[in-house]
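# Breakdown of the fold
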Amino acid sequence: AEDDKAGNSIPRPIVSLKTLDDYIEAVESVSGVRVVKIGADFCRSCRATAPKLRKMANKYADVSFYEFDYSKNEKFCKEELGVERLPHFEIFVNEEGRKESFPCGWDQIYSKLEGRLIEHLGKC
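Below you will find a few notes about this structure. (Residues numbered from 1 in each chain as written. Predicted model: local features only at pLDDT ≥ 70, side-chain atom pairs only at ≥ 80, totals over all residues. Heavy atoms only, no water.)

What follows concerns the overall build of the protein chain. Helices and strands together make up the secondary structure of the protein chain, namely 4 helices and 7 strands. Buried residues in the protein chain amount to 41% of all 124 residues. Taking all contacts inside the protein chain whose residues are at least 6 apart in sequence as the whole, residues at least 24 apart take part in 67%. (Helix = DSSP H or I, 4+ residues; strand = E, 2+ residues; numbered from the N terminus. Buried < 20%, exposed > 50% of the residue type's maximum accessible area, 1.4 Å probe, protein only. Contact = heavy atoms within 4.5 Å.)

Written as structure tokens, this is what we have:
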């Protein structure tokens with residue numbers, strides 16, 4: 001994370017992807033490593049992952065973090081992305097595209113998501 005003039009850490013934003021077009025643009029036209037969290041407001045575990053994901057976004061400044069709204073894109077998420085449980089995470093690497101797609105609860109975000117993220121960062 002960057003620091004402001006007073007030396008305080010400026011939190012990195014997690015970009016909200018509301019539409020299918022937003023999702024496609026983020027995963028296809030952005031280079032580097034990208035993490036997409038697929039979640040919904042009604043999902044308690046999705047809400048519980050939010051503060052941990054923000055910490056991770058601040059820790060990994062070279063990674064782009066996104067949230068994709070399952071509620072507004074349910075058919076696409078189920079049929080095209082294979083989402084069966086929320087929250088669901090995807091990791092994209094450069095132009096190689098989607099490398100990982102998996103459900104991950106709030107209690108596994110550091111062990112499962114961060115572990116896989118570190119693995120992909122090591123290959124870049």
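The structure having been displayed, the exposition proceeds.
Our next topic: the nonpolar core. Judged by nonpolar contacts, the single largest core of 17 residues is most densely connected at Val35, Phe65, Phe89, Leu113 and Leu117. Mapped onto this core, the elements with two or more residues apiece are β4 (33-39), α2 (44-59), β5 (63-69), β6 (88-93) and α4 (109-123). One finds Val36, Ile38, Tyr66 and Cys77 within the second-largest nonpolar core, a separate group that totals 15 residues. (Core = buried A, V, L, I, M, F, W, Y, C linked by side-chain atoms within 4.5 Å.)

Taking 1.5 Å as the rise per residue, α2 with 16 residues should run 22 Å; its terminal C-alpha atoms sit 24 Å apart, in good agreement. By the burial criterion, the buried members of α2 are Ser45, Cys46, Thr49, Ala50, Leu53, Met56 and Ala57. (Expected span 1.5 Å × (residues − 1).)

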